[in-house]
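# An overview of the molecular structure
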Amino acid sequence: MSFDCYGKLVPAIATSWEANEDSTVWTFHLRDDVDWCDVNGEVKSHLTSKDFLVGLEWVLNALKNEAFNTSMPSETVVGAAEYYDLTKDKGDAAADMTYEDMLAAGVGVEAPDDYTLVFTCKDPCPYFDTVAAYNSFYPASEDLIKELGIDGFRACRLLHHVATNGPYLIEAVYPAEHQELIPTPTHYAANDCTRFEHHTITMIPDLSMGLQLYENGEVDNIDLTESNLTTITSDPNNKHNKFLCEKRPTKFSFQMHLNFQRKDENGNLDENWNKAVANRAFRQCFYKGIDFTNYYARTNKINPLKCENDYYTMKGLCYNTQGVEYTTLVAKEMGFDSEKYDGETMIRLRANGGDISALKKQAMEELSAIGVTFPVKATYFIIASSTSALDNATILKQCFSDSFGDDFIKLDIQTYVSSLTQEVRTPQLQSFVINGWSADFGDPVNFLGQETLHDDNAFYSHYYSNIARVAEAPADYQKDLMDAFEQYTDLVNAANAIVNDTDARYEAFAKAEAYLLAERAGQPHLLRHRMVSDPRQRVQQDQRHVRRLQLQGCQLGDFRGSLYHRPVRAVCQGFRRCYSGLSRRKSHSISVST
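This report concerns the structure included in the present document. Small disclaimer: the values here were computed from a predicted structure and weren't measured.

## A few points about the overall build of the protein chain
- Within the protein chain, the secondary structure is distributed over 21 helices and 21 strands.
- By residue count, 56% of the 594 residues in the protein chain fall in the buried class.
- Contacts spanning at least 24 positions in sequence make up 70% of the contacts within the protein chain whose residues lie at least 6 apart.
- Surface exposure of the protein chain reaches about 25000 Å², of which carbon and sulfur atoms provide 46%.

Structure, rendered in structure tokens:
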């Protein structure tokens, strides 16, 4: 399967699929017209369900795969984790193990015929169809593995011994210069989609070169630097203005993760910050008071508020049986489902016009009573070598000042040398971290489960907010905070227990997410909503696995013939989607910053 541009699951090699009543057994029905071909487009073999068994065995074999991307099947499929441990114990002997050994070991996958694949999950998993679209479930060509051997297959790249069933072939690679793609002549969906006859990806070492390449006609769309964009938009007569338009947000949700157990550089608890952030009114000021408009403009200069994120999850994560997108359920719970983008005011600031004077007064009175001094210092770390990071942080600091007043909360910008994890998060030096990610699968638990208590796999609870550490020995001033997280955890667990009613499951998760936001224990921050050209062309793209073009606020060009791509590699072609659209170009060229 794959995902359309709205995040909805759509058929690819699997034409249909279904689950049993408790979502523990999933059956996928495959196309019968898919072939593996080589770099010349010549058919080498026919793809069947066995290739998915071969691919899964490769992923779960500790010697062959070297532990890459094993977590998704290990956490969901019966016997997968145990088979990985078995191959690890076998040492070099694991090289001779095959999918038949995997089946004999009891891994929950079978191929009853050439075009049917059945998975058995360890626990009820109503979202397993989105898990199965992940690259650790891709098929692999057994013939290619035998031809190249383990080391050769693991190392194969681009033009060197490739087996693919994707829509494009890489015709030529010029390292550090460009790549040329042509349609796969035997692609199974060739008659169902529009493809370019020739597609060139030009590598440029410096974005400042992009505009010149575009003006010379060497590329059809480009990334723009901030200075390029300023020059173009400041002049209404600039010939490039008509080619600027917005791109759909990338499938990332960024949050401002508050740290509930901050320590200073000597390893001592920062009681001033920890007391402040444990206060509900103080946290509410972050959600209801910060106007991020100028900060968002660093990502989308023309329409900054298109970057606004009001949810802990993300739009397009999943849809209920009525086709309703999940975050609209959260908006309803939060009471702003009728609010729409107006380009002027952030949605979550409209109820009070951004006026947090009453909350600020309440927080300062309650916190002063327990010894907190003002302004409260909010320590924020950026990498020392990045001038862009410093520019962003400087604007963020001004947002704090304008929204909170320097008498209440003051942003303190600090730097680290190379590793945010080792230098900042592990010693717990931050007051908050801005971090975003894209869902691994299409279910709210993928996000909301990261902030729960009593779960060793709740990554953010252990390594960002540190609320799991607070839970070990909460101070008196943290009791209300812990009660809120306990209630949130109960809501998430109750929602996750609903496995046979998708609509009820999503409604329950929406209540849990709304509670998290109401308590301001999770702070939505930003959507990566940048600019491209001509939005009439809706080129489908795999939002999670596609190689993204790194944009600086805007792209310029005729985007009606644009294409996003992934590297062509043998094990990564199984669920590859067809790219479609109303292209008027037979060939196309884009630039990628290297």
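## Focus: the sheet that holds strand β14 (residues 253–258)
- In space, the 3 strands of this open sheet follow the order β17-β14-β18, with antiparallel pairing throughout. Edge positions in the open sheet fall to β17 (432–437) and β18 (523–526), since each of these has one partner strand only. Neighbour-to-neighbour, the strand axes of the sheet open up by a mean angle of 35 degrees, direction not taken into account.
- In this structure, β14 lies alongside β17, joined through 6 bridges in antiparallel fashion. Bridge assignment links Gln 255 to a residue of β17, and that residue is Asn 435.

## Examining helix α9 (residues 226–233)
- Buried residues of α9: Asn 228, Leu 229 and Ile 232, and no others. One face of α9 carries all of its buried residues, which in axial projection span an arc of 95 degrees.

## Digging into unusual backbone geometry
- In this chain, Phe 374 is followed by Pro 375 through a cis amide linkage whose omega measures 0 degrees.
- One can find Pro 375 in the loop between α14 (357–368) and β15 (376–383).
- Even without a glycine there, the phi angle at Ser 23 is positive, about 60 degrees.
- Structurally, the position occupied by Ser 23 is in the loop between β3 (14–19) and β4 (25–30).

## Topic: the nonpolar core
- If you look at the biggest cluster of nonpolar residues, it comprises 79 residues, and the most contacted ones within it are Met 102, Phe 119, Phe 128 and Tyr 326.
- Ranked by residues supplied to this core, first place goes to helix α21 (residues 502–518) with 8 residues.
- Among residues more than four places away in sequence, those in contact with Phe 128 are Trp 26, Phe 28, Thr 76, Val 77, Phe 119, Cys 121 and Phe 137.
- Trp 273, Phe 282, Leu 367 and Leu 481 belong to the second largest nonpolar core, which has 47 residues in total.

## Overview of the pairing of β3
- With 5 bridges connecting them, β3 and β4 associate as antiparallel partners. Directly across from Ala 19, in β4, lies its bridge partner Trp 26.
- Connecting β3 to the antiparallel partner β4 that follows it, the hairpin turn spans 5 residues, and Ser 23 within it adopts a positive phi of roughly 60 degrees.

## A look at the side chain of Asn 320
- You can see Asn 320 is positioned in the loop between α12 (293–296) and α13 (326–334).
- Here Asn 320 falls in the buried class, since its relative accessible area comes to 12%.
- Engagement of the side chain of Asn 320 in a polar contact is seen with the backbone nitrogen of Val 324, the distance being 2.9 Å.
- When residues no more than four places from it in sequence are discounted, the contact partners of Asn 320 are Thr 502, Asp 503 and Tyr 506.

## Concerning helix α4 (residues 80–90)
- Buried within α4 are the following residues: Ala 80, Tyr 83, Tyr 84 and Thr 87. Taken around the axis of α4, the buried residues stretch over an arc of 105 degrees, which confines them to a single face. Of the exposed residues in α4, those oriented more than 90 degrees away from the buried face are Glu 82, Lys 88 and Asp 89.
- Lining the buried residues of α4 we find α1 (49–60), α2 (62–65), α3 (71–76) and α5 (99–104).

## Focus: the sheet that holds β4
- Pairing is antiparallel in the open sheet, where 4 strands are placed in the order β3-β4-β8-β7. Two strands close off the open sheet at either side, each with one partner strand: β3 and β7 (109–113). The average angle at which neighbouring strand axes cross in this sheet is 20 degrees, direction not considered.

## What about the environment of Ala 475?
- When you line up the elements, Ala 475 lands in the loop between α19 (467–472) and α20 (479–496).
- A relative accessible area of 24% means that Ala 475 is categorised as partly exposed.
- As a C-alpha pair, Ala 475 and Asn 274 span 201 residues in sequence and 9.8 Å in three-dimensional space.

## Quick notes on a negative patch on the surface
- On the surface, a cluster of negative charge is made up of Asp 480, Asp 483, Glu 486 and Asp 490.
- Mapping Asp 483 onto the fold places it in helix α20.

## A word on the pattern of salt bridges
- Applying the stated rule across the entire model yields 17 salt bridges.
- Taking the shortest distance from any N to any O, the salt bridge between Glu 66 and Arg 154 comes out at 3.6 Å. Taken together, the positions of Glu 66 in the loop between α2 and α3 and Arg 154 in helix α7 (residues 142–155) put the pair 88 residues apart, joining distant regions of the chain.
- Since its relative accessible area comes to 52%, Glu 66 is described here as exposed.
- A salt bridge links Asp 476 to Lys 479; the shortest N-O distance between them is 3.7 Å.
- Residue Lys 479 is classed as partly exposed on the basis of its relative accessible area, which comes to 40%.

## What about the packing of helix α11 (residues 280–289) against α14?
- Two numbers describe how α11 lies on α14: the axes approach to 8 Å, and their chain directions differ by 150 degrees. Between α11 and α14, the angle is such that the two are roughly antiparallel. Seen along the crossing, α11 lies across α14 with a hand that is left-handed. Residues Ala 281, Phe 282, Gln 284, Cys 285 and Lys 288 of α11 pack against Leu 359, Lys 360, Gln 362, Ala 363, Glu 366 and Leu 367 of α14.
- Looking at the contact of α11 with α14, its residues break down into 6 nonpolar, 2 polar and 3 charged.

## Remarks on the state of the cysteines
- The full count for this structure, using the stated rule, is 0 disulfides.
- No disulfide involves Cys 121; its sulfur sits 4.7 Å from that of Cys 125, the nearest cysteine.
- Residue Cys 121 is classed as buried on the basis of its relative accessible area, which comes to 4%.

Scoring rules and cut-offs
Residues numbered from 1 in each chain as written. Predicted model: local features only at pLDDT ≥ 70, side-chain atom pairs only at ≥ 80, totals over all residues. Heavy atoms only, no water. Helix = DSSP H or I, 4+ residues; strand = E, 2+ residues; numbered from the N terminus. Buried < 20%, exposed > 50% of the residue type's maximum accessible area, 1.4 Å probe, protein only. Contact = heavy atoms within 4.5 Å. Areas by Shrake-Rupley, 256 points an atom, 1.4 Å probe, with all protein chains shown as cover. Pairing = 2+ DSSP bridges. Axes fitted to C-alpha atoms, helices over the stretch in contact; angles between N-to-C directions. Arc of directions from axis to C-beta. Core = buried A, V, L, I, M, F, W, Y, C linked by side-chain atoms within 4.5 Å. Polar contact = N/O pair within 3.5 Å; in protein donor to acceptor, adjacent residues only side chain to side chain. Patch = residues over 30% accessible without salt bridge, like charges linked within 9 Å, V, L, I, M, F, W, Y side chains within 5 Å. Salt bridge = Lys/Arg side-chain N within 4 Å of Asp/Glu carboxyl O. Lys, Arg positive; Asp, Glu negative; His and termini not counted. Charge placed at Lys NZ, Arg CZ, Asp CG, Glu CD. Parallel < 35°, antiparallel > 145°, perpendicular 65-115°, else oblique. Left-handed = near helix turned anticlockwise from the far one by under 90°. Nonpolar A, V, L, I, M, F, W, Y, C, P; charged D, E, K, R; others polar. Disulfide = S-S within 2.5 Å.

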